[in-house]
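# Breakdown of the fold
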Amino acid sequence: MRNDPRTAETMLVQLSDLLRLTLEGAAGGESSLGDEIDRLELYLALQRMRFGPRLTVTTAIPDQIRGAGVPTMLLQPLVENAMSHGIGPKDGPGAIAITGERRGDRLLLVVEDDGVGLPDDAPARERIGIGNTRTRLTTLFPDDHCFDLAAGESGGVRATIDIPFRTAAPGARAHR
């Protein structure tokens, strides 16, 4: 705040927007993928200010799937984990890639980082973000989803979600 009041003010406004959108989306338990990406972009704007040039994020979500229904706050905890447990402890710059595609009647979403990866000598611990993600997927798609955490192609972690493709419920906005 003292060193860069203008950046602090920008971060505060973006945090306010993120909280407002999160509260708006929390009521139904499901939102459009487009809304999820909009919320995620606000979160990422804050993190880019924090990490600076050390963080690169790419997002490839085709317009044709932005109206898909997904559990609210599905991607943000995965990206947060990638930054906190992958990029944060890594020396030097780090990258996160967020992709989505429709494969027939399925929606495939991937969050992959090039961070420090999963521990070799101990089982991976699931904390609140991953546990909540599993719970939301199980609630909305009881026996019709896959959620996998594995070593990424670039040494980090790859989180993959495979759920039925369906259009977001009425009232869910599909922002661009």
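Okay, so let's go over this structure. (Residues numbered from 1 in each chain as written. Predicted model: local features only at pLDDT ≥ 70, side-chain atom pairs only at ≥ 80, totals over all residues. Heavy atoms only, no water.)

## Quick look at the nonpolar core
Within the largest apolar cluster, 32 residues are counted, with the highest numbers of intra-cluster contacts made by Leu33, Val79, Ile96, Ile98, Leu107 and Leu109. Going through the elements one at a time, α2 (33–51), β2 (55–60), α3 (76–87), β4 (94–103), β5 (106–113), α4 (128–140) and β7 (157–164) are the ones with two or more residues in this core. It is α2 that contributes the most residues to this core, 6 residues altogether. Here leucine 109 is in contact with Leu33, Ile61, Val70, Leu74, Leu75, Thr99, Gly100, Ala159, Thr160 and Ile161, once residues within four sequence places are set aside. (Core = buried A, V, L, I, M, F, W, Y, C linked by side-chain atoms within 4.5 Å. Buried < 20%, exposed > 50% of the residue type's maximum accessible area, 1.4 Å probe, protein only. Helix = DSSP H or I, 4+ residues; strand = E, 2+ residues; numbered from the N terminus. Contact = heavy atoms within 4.5 Å.)

## Considering the pattern of salt bridges
When the charged atoms of two side chains lie near each other, side chains of opposite charge can form a pair. Scanning the model with the defined rule gives 9 salt bridges in all. Across the salt bridge formed by lysine 90 and aspartate 114, the nearest N and O atoms sit 3.3 Å from each other. Of this pair, lysine 90 sits in the loop between α3 and β4 while aspartate 114 sits in the loop between β5 and α4, placing them 24 residues apart in sequence. For arginine 103, the salt bridge is made with glutamate 101, and the minimal N-O distance between the two is 3.1 Å. A single network of salt bridges, built from pairs that share partners, joins Arg106, Asp144 and Asp162. (Salt bridge = Lys/Arg side-chain N within 4 Å of Asp/Glu carboxyl O.)

## Some details on the packing of α2 against α3
For the pair α2 and α3, the least separation of the axes is 10 Å and the interaxial angle reads 15 degrees. Relative to α3, the element α2 is oriented roughly parallel. Note that α2 runs across α3; the crossing there is right-handed. Across from Leu40, Tyr43, Leu44, Gln47 and Phe51 in α2, the residues of α3 making contact are Gln76, Val79, Glu80, Met83 and Ile87. Among the residues making up the contact of α2 with α3, the classes are represented as 7 nonpolar, 2 polar and 1 charged. (Axes fitted to C-alpha atoms, helices over the stretch in contact; angles between N-to-C directions. Parallel < 35°, antiparallel > 145°, perpendicular 65-115°, else oblique. Left-handed = near helix turned anticlockwise from the far one by under 90°. Nonpolar A, V, L, I, M, F, W, Y, C, P; charged D, E, K, R; others polar.)

So yeah, pure geometry; function would need other evidence.
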